[in-house]
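Now for the letters of each chain:
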Amino acid sequence: GEDVEQSLFLSVREGDSSVINCTYTDSSSTYLYWYKQEPGAGLQLLTYIFSNMDMKQDQRLTVLLNKKDKHLSLRIADTQTGDSAIYFCAEIQGGSTLGRLYFGRGTQLTVWP
Amino acid sequence: EPEVTQTPSHQVTQMGQEVILRCVPISNHLYFYWYRQILGQKVEFLVSFYNNEISEKSEIFDDQFSVERPDGSNFTLKIRSTKLEDSAMYFCASSPTLAGGETQYFGPGTRLLVL
């Protein structure tokens with residue numbers, strides 16, 4: 001399967017934590033990514049996780065992977081107004097030849113001051 | 001920091017016209033990609049390119065599309081006879097290797113509007 005699903009919107013207050021969730025269907029996924037897109041800009045890689053890992057932490061970002069449930073989440077600690085953007089979950093499936101990425105629809109994160 | 005660049009940032013064209021979208025990948029990268037995002041929809045893979053040939057293409061990438069690496073720096077996407085439904089943001093990406101989940105670095109995109 002190729003479906004990567006995300007909720008479309010999330011609003012949080014500045015200083016709170018944000019959790020953006022993603023589900024995928026391909027159990028052979030090898031790498032899963034989080035990209036950020038600010039208005040008018042391209043896709044910026046935030047972080048990625050290999051499928052044999054459960055968790056990865058990078059400063060304010062924590063990625064959790066539940067391979068059994070095919071669920072990926074991105075937690076942003078101490079969310080700032082500058083974190084307002086669209087966040088895309090993406091996967092590379094096990095059968096991919098050259099790293100074809102499958103994207104979710106994106107979650108629009110709005111951070112209120 | 002090296003980055004992928006794309007030109008033009010915006011392109012407006014009439015239905016049936018040919019357009020060429022240009023990309024300059026990061027200089028030591030070997031793998032090149034085009035994706036597109038129709039407004040409100042998912043980012044979709046179009047094509048991957050390695051060693052001067054197409055490696056994989058999606059069902060979207062039909063005969064009206066072609067890619068080329070005309071010299072050592074540019075990577076182009078040509079749409080021969082544009083349709084209204086080709087209106088989208090087109091992203092170019094490049095990757096140095098495929099090892100270890102090495103990521104694809106994306107350009108800022110070209111917004112194509114077909115009238």
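Okay, so let's go over this structure. (Residues numbered from 1 in each chain as written. Chains lettered and ligands numbered in written order. Predicted model: local features only at pLDDT ≥ 70, side-chain atom pairs only at ≥ 80, totals over all residues. Heavy atoms only, no water.)

**Focus on the overall build of chain A**
Logical step 1: A tally of regular secondary structure across chain A gives 0 helices and 11 strands.
Logical step 2: Secondary structure of chain A in N-to-C order comes out as β-β-β-β-β-β-β-β-β-β-β.
Logical step 3: Its C-alpha atoms give chain A a radius of gyration of 14 Å, within 12% of the compact-globule value 13 Å for 113 residues.
Logical step 4: Scored against the burial criterion, the 113 residues of chain A give a buried share of 45%.
Logical step 5: In chain A, the proportion of contacts linking residues at least 24 apart, taken out of those at least 6 apart, comes to 56%.
Logical step 6: If you sum the accessible surface of chain A, you get close to 5,400 Å²; carbon and sulfur atoms cover 49% of it.
Logical step 7: For chain A, the distance from the average site of its 10 positive side-chain charges to the average site of its 13 negative ones is 2 Å. (Helix = DSSP H or I, 4+ residues; strand = E, 2+ residues; numbered from the N terminus. Rg over C-alpha atoms; globule rule 2.2 N^0.38 Å. Buried < 20%, exposed > 50% of the residue type's maximum accessible area, 1.4 Å probe, protein only. Contact = heavy atoms within 4.5 Å. Areas by Shrake-Rupley, 256 points an atom, 1.4 Å probe, with all protein chains shown as cover. Lys, Arg positive; Asp, Glu negative; His and termini not counted. Charge placed at Lys NZ, Arg CZ, Asp CG, Glu CD.)

**Some remarks on the environment of Thr47 of chain A**
Residues and elements named next belong to chain A.
Logical step 1: Along the chain, Thr47 turns up in strand E5 (residues 43-50).
Logical step 2: Here the alpha-carbon distance between Thr47 and Thr62, two residues 15 residues apart in the chain, equals 9.0 Å.
Logical step 3: Dropping the residues within four chain positions of it, Thr47 is found in contact with Leu32, Tyr33, Trp34, Lys56, Val63 and Leu74.

**Topic: the state of the cysteines**
Logical step 1: A full pass over the atoms with the stated rule returns 2 disulfides over all chains.
Logical step 2: Linked covalently through their sulfurs, Cys22 of chain A and Cys89 of chain A form a disulfide whose S-S length is 2.0 Å. What sets the handedness of the Cys22 of chain A and Cys89 of chain A disulfide is the S-S torsion sign, and at about -65 degrees it is left-handed. Note that Cys22 of chain A is positioned in strand E3 (residues 18-24) and Cys89 of chain A in strand E9 (residues 85-92), a separation of 67 residues in sequence.
Logical step 3: Here Cys22 of chain A falls in the buried class, since its relative accessible area comes to 1%.
Logical step 4: At a sulfur-sulfur separation of 1.9 Å, the disulfide partner of Cys23 of chain B is Cys92 of chain B. With the S-S dihedral at roughly -65 degrees, the linkage between Cys23 of chain B and Cys92 of chain B falls on the left-handed side. Of the two residues, Cys23 of chain B sits in strand E3 (residues 19-24) while Cys92 of chain B sits in strand E9 (residues 88-95), which places them 69 residues apart along the sequence.
Logical step 5: Classification of Cys23 of chain B by relative accessible area gives buried; the value is 1%. (Disulfide = S-S within 2.5 Å.)

**Notes on the side chain of Gln104 of chain B**
Logical step 1: Along the chain, Gln104 of chain B turns up in the loop between E9 and strand E10 (105-106).
Logical step 2: Polar contacts involving the side chain of Gln104 of chain B include one to the side chain of Tyr35 of chain B, which spans 2.8 Å. (Polar contact = N/O pair within 3.5 Å; in protein donor to acceptor, adjacent residues only side chain to side chain.)

**A look at the interface of chain B and chain A**
Logical step 1: Contacts between chain B and chain A engage 26 residues on the former and 23 residues on the latter.
Logical step 2: In this structure, the connection of chain B to chain A is made through 2 salt bridges.
Logical step 3: Residue Lys42 of chain B is joined to Glu5 of chain A by a salt bridge in which the shortest nitrogen-to-oxygen separation is 3.7 Å.
Logical step 4: In this structure, the connection of chain B to chain A is made through 5 residue pairs in polar contact (both at pLDDT 80 or more).
Logical step 5: Looking at the side of chain B that touches chain A, the elements with two or more residues in it are strand E4 (31-37), strand E5 (43-50) and strand E6 (53-57) of chain B.
Logical step 6: Classifying every residue of the side of chain B that touches chain A by side-chain character gives 10 nonpolar, 11 polar and 5 charged. (Salt bridge = Lys/Arg side-chain N within 4 Å of Asp/Glu carboxyl O. Nonpolar A, V, L, I, M, F, W, Y, C, P; charged D, E, K, R; others polar.)

**Looking at the nonpolar core**
Logical step 1: Within the largest apolar cluster, 23 residues are counted, with the highest numbers of intra-cluster contacts made by Trp34, Leu46, Phe61, Val67, Phe75, Leu77 and Tyr90 of chain B.
Logical step 2: Only E3, E4, E5, strand E7 (65-68), strand E8 (75-79), E9 and strand E11 (110-114) of chain B provide two or more residues apiece to this core.
Logical step 3: Setting aside residues up to four positions removed in sequence, Leu46 of chain B forms contacts with Trp34, Tyr35, Arg36, Glu56, Lys57, Ser58, Ile60, Phe61, Leu77 and Tyr90 of chain B.
Logical step 4: Of all hydrophobic cores here, the second largest spans 21 residues; its members include Val4, Leu65, Leu74 and Cys89 of chain A. (Core = buried A, V, L, I, M, F, W, Y, C linked by side-chain atoms within 4.5 Å.)

**Quick word on a nonpolar patch on the surface**
Residues and elements named next belong to chain B.
Logical step 1: On the surface, Val12, Leu113 and Leu115 cluster together into a nonpolar patch covering about 270 Å² of accessible area.
Logical step 2: Structurally, the position occupied by Leu115 is in the segment after E11.
Logical step 3: On the basis of relative accessible area, Leu115 is assigned to the partly exposed category, the value being 48%. (Patch = residues over 30% accessible without salt bridge, like charges linked within 9 Å, V, L, I, M, F, W, Y side chains within 5 Å.)

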